[in-house]
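Per-entry structural report
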Amino acid sequence: MFTVTKTLDPEKHQAILTVTFDPKAFEQAKRNVARAYAQRLHIPGFRPGKAPYALVARRVGERTLAEDALRELLYNHFDDILNQAEVEPGAPSQIESLQLDPPTVVLRVPLKPDIVFKEDYKSLRVPYEPPQVTDEEIDQALDSWRRVFVSMETVDRPAQVGDVVIMDLKGELRTPEGESTDLGEQEVSLLVKDDEDPEEWPYPGFSKELAGLKVGDEKTMTYTYPDNAVDESVRGKTVTYHVHVKEIQTPVFPELTDEFVRENTEYENLEAMREALRNEMAERKQREYEQEYLRQVLEALLERTELRYPPEMIDRVVQELEQRFAVEAHAAGASEEVLRELLQSQRDSTRKQAEEELRKRLVLDQIAQDLGLEPDERDRELILKLTTQDLLTLADHDVQKARRLQREHPDLAADLFELHYGMYRRAMAARYLTNIARGKSHEEALTAALGKATAEGQAEETSATDEAPSTPEAGSTTEAATEASASGAAGPDTVATATPEPTEAAPAAERDSAPTEAETPSEDATPPEPQAPSTADADSSLTHDDAKSTEA
């Protein structure tokens, strides 16, 4: 039926397969394609599907029939071709070229990633030193809260650092050529500072010169602006400022007493508030440290791991990151135009992030596969609800629009489900790995991974490995969807009605391996519109599942 010649490209981690088909099988495939075209073309004088081959070939083009026949042969025998070539694909393959004499397809197949742990990850150890909340931090937080209740009191003394000076301020601008411009007079209030803030208005160090002035005092100050001043209108020019002090106010902060705390909070006394604040800060610090600790653990693991993967896998992660960013942007109310501009502006950084994330994903996916970590039925239902919430978000929470979105993009729900499913499994693997790194036994770490990888754990633990590009913050939609799902907010209008089952534990990018392309015409299929032949373009790849469905 066919012969296969394989050439490996180690640098790009791919194989080039030259597949030559038997001429008789090729001729039969051409007849099958012609009958499919005849079903649609409605050639005068012939019933659908009954027009002779020669007439269909003149109408459609002999080369079009021949190339479609090659694609049909490729799709129908794709699994056998891979088996004979002894290659395992890791991303969608690409048709490089089609030759008619002899009937040959040149196929580029990105290979499945090679993941080699140079040391057993069960022996990985990383110091675990979570930070503690200090009394000084509590005092600083209480002082910041106390300052919210500040009041201003007029004083009869010279201005000091920390006071607010209310004044009439008049400006006069002079150009290097000696021309003068009156900038007018206005009442302003400025805080007296003891340092020179480079962004201070009207110029750095201005308020510092107000110290020592009393009500009724006047002062003249001159400043020459640099050529790189933020305000273009004053660059390289000299401005003379005339100050007349009208009032001096000083901030008054309340004393932190039990009575003040009771009047302005839900706590009975200051000590109760301190304890609540300590707990809140400890929880926040712990969350932040767990994310940082996971990052350190993954970096340590990656240093002990050899990874080889095709660049197409990075492309798949870029698409996922941009898809998740689109969900977040829609939730934040961003328009399509704004979304496109944001995606374009951060394309380079997104790709760099995608490569970093892919490396982390690969090791976590491998650990999850090694340990057989899979969400249970309850967790799958939650993942489905998260998927539904994403669809509703993309559809502006319009159920009918969401259903239409599913019809127009039938793979979208499956992709979103697979995305959440992969994040969930990686969260389980991450929990296992961090417990191992802390010195826990394999059994203890495995129990923790299986028992605590809830959706809350997903949002917490995948943040270091599944971050969306830039803002909005990654994970906010997932957390919101988790809360909504837990409270039954998905309701009876759930859009996704069936749970897509992943075909294997590997990421979607590894499963969709065959070249994706429009369905090949067969006897019972509707042929595509006649078109010019093309090779190695966006329409010349197909998925493993497409190949199977075509064969069926």
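Residues numbered from 1 in each chain as written. Predicted model: local features only at pLDDT ≥ 70, side-chain atom pairs only at ≥ 80, totals over all residues. Heavy atoms only, no water.

Attention now goes to the overall build of the protein. Of regular secondary structure, the protein possesses 18 helices and 11 strands. When the 552 residues of the protein are sorted by exposure, 45% land in the buried category. Sequence separation of at least 24 residues holds for 73% of the intrachain contacts in the protein that already meet a minimum separation of 6. Only carbon and sulfur atoms are counted for the fraction: they give 46% of the accessible area of the protein, which is about 28,800 Å². (Helix = DSSP H or I, 4+ residues; strand = E, 2+ residues; numbered from the N terminus. Buried < 20%, exposed > 50% of the residue type's maximum accessible area, 1.4 Å probe, protein only. Contact = heavy atoms within 4.5 Å. Areas by Shrake-Rupley, 256 points an atom, 1.4 Å probe, with all protein chains shown as cover.)

If you walk across this open sheet you meet the 4 strands as β1-β2-β4-β3, and the pairing is antiparallel. Each of the sheet's edge strands pairs with one partner strand only, and the pair in question is β1 (2-9) and β3 (94-100). Neighbour to neighbour, the strand axes of the sheet diverge by 15° on average, direction disregarded. Strand direction decides the pairing type here: β1 and strand β2 (residues 14-21), joined by 8 bridges, are antiparallel. Bridge assignment links Lys6 to a residue of β2, and that residue is Leu17. Each of β1, β2 and β4 (103-110) is contacted by helix α4 (residues 78-85), which is oriented at about 60° to β1, the strand it contacts most. (Pairing = 2+ DSSP bridges. Axes fitted to C-alpha atoms, helices over the stretch in contact; angles between N-to-C directions.)

In this model helix α3 (residues 62-76) runs 21 Å from its N-terminal to its C-terminal C-alpha over 15 residues, within 8% of the 21 Å that 1.5 Å per residue would give. When you tally the buried positions in α3, you get 12 out of 15 residues, the bulk of the element. If you check which residues of α3 are buried, you get Thr64, Leu65, Ala66, Glu67, Asp68, Ala69, Leu70, Arg71, Glu72, Leu73, Leu74 and Tyr75. (Expected span 1.5 Å × (residues − 1).)

Attention now goes to the side chain of Arg274. Relative to the helices and strands, Arg274 is located in helix α7 (residues 270-303). Apart from the residues lying within four places of it in its own chain, the contact partners of Arg274 are Asp135, Ile138, Asp139 and Leu142.

Moving on to the pattern of salt bridges. Tallying each qualifying case throughout the model produces 35 salt bridges. Across the pair Arg147 and Asp143 runs a salt bridge whose closest N-O atoms are separated by 3.0 Å. Of this pair, Arg147 and Asp143 both sit in helix α5 (residues 135-147), 4 residues apart, which is roughly one turn of the helix. Judged by relative accessible area, Arg147 falls into the partly exposed class, the value being 42%. Asp143 sits in the partly exposed class, given a relative accessible area of 25%. A single network of salt bridges, built from pairs that share partners, joins Arg316, Glu320, Arg324, Glu357 and Arg361. (Salt bridge = Lys/Arg side-chain N within 4 Å of Asp/Glu carboxyl O.)

Here we come to the environment of Val261. For Val261, the position within the fold is in helix α6 (residues 258-264). As for Val261 and Ala272, which are separated by 11 residues in sequence, their C-alpha atoms are 9.4 Å apart. With residues up to four places along the chain from it excluded, the contact list for Val261 reads Tyr267, Asn269, Leu270 and Met273.

Below, the discussion takes up the nonpolar core. Note on soluble globular proteins: their nonpolar side chains tend to be buried together. If you look at the biggest cluster of nonpolar residues, it comprises 43 residues, and the most contacted ones within it are Tyr121, Leu301, Val363, Ile367, Tyr432 and Leu433. Ranked by size, the runner-up nonpolar core spans 38 residues in total, among them Leu17, Leu41, Ala85 and Val105. (Core = buried A, V, L, I, M, F, W, Y, C linked by side-chain atoms within 4.5 Å.)

Taken together, Asp194, Asp195, Glu196 and Glu209 make up a surface patch of like negative charges. Relative to the helices and strands, Glu196 is located in the loop between β8 (180-191) and β9 (218-224). Taking the relative accessible area as the measure of exposure, Glu196 reaches 54% and is therefore exposed. (Patch = residues over 30% accessible without salt bridge, like charges linked within 9 Å, V, L, I, M, F, W, Y side chains within 5 Å. Lys, Arg positive; Asp, Glu negative; His and termini not counted. Charge placed at Lys NZ, Arg CZ, Asp CG, Glu CD.)

Of all residues in the protein, 82% have pLDDT values of 70 or greater, and the mean over the chain is 81. Per-residue pLDDT stays below 50 along residues 453-512; that stretch engages in 134 contacts with residues further than four places along the chain or on separate chains. (pLDDT = per-residue confidence, 0-100.)

Bringing the pairing of β3 into the picture now. Here β3 pairs with β4 via 6 bridges, running antiparallel. Across the sheet, Ile95 pairs through a bridge with Leu107, a residue of β4.

On to the packing of helix α10 (residues 347-371) against helix α13 (residues 412-437), then. Two elements in contact, α10 and α13, have axes separated by 8 Å at closest approach and are oriented at 80°. Judged by the inter-axis angle, α10 sits roughly perpendicular to α13. Each of Arg361, Leu364, Asp365, Ile367, Ala368, Gln369 and Leu371 in α10 lies in contact with α13, whose residues at this interface are Leu419, Arg425, Arg426, Ala429, Ala430, Tyr432 and Leu433. When grouped by side-chain class, the residues that make up the contact of α10 with α13 number 9 nonpolar, 1 polar and 4 charged. (Parallel < 35°, antiparallel > 145°, perpendicular 65-115°, else oblique. Nonpolar A, V, L, I, M, F, W, Y, C, P; charged D, E, K, R; others polar.)

Our focus in this paragraph is the packing of aromatic side chains. Counted by the stated rule, this structure contains 14 aromatic pairs. Aromatic pair Tyr128 and Tyr293: ring centres 4.9 Å apart, planes at 85°, arrangement edge-to-face. A residue pair is termed long-range when its members are at least 10 positions apart, and Tyr128 in the loop between β5 (114-117) and α5 and Tyr293 in helix α7 qualify at 165 residues. Exposure remark for Tyr293: the relative accessible area of 0% places this residue in the buried category. When the ring of Tyr289 is compared with that of Tyr293, the centres are 5.9 Å apart and the planes differ by 25°; the resulting orientation is stacked. (Phe/Tyr/Trp six-rings, centres within 6.5 Å; stacked < 30°, edge-to-face > 60°.)

Looking now at unusual backbone geometry. Backbone torsion omega between Asp101 and Pro102 reads 0°, so that peptide bond is classified as cis. Note on placement: Pro102 falls in the loop between β3 and β4. Here His13, not a glycine, exhibits a phi torsion of approximately 55°, which is positive. Inspection of the secondary structure assignment puts His13 in the loop between β1 and β2. By relative accessible area, which is 7% here, His13 ends up buried. The phi dihedral of Asp396 falls on the positive side, at around 55°, and the residue is not glycine. Its place among the elements puts Asp396 in the loop between α11 (377-394) and α12 (399-408). According to the relative accessible area criterion, Asp396 is partly exposed, its value standing at 46%.

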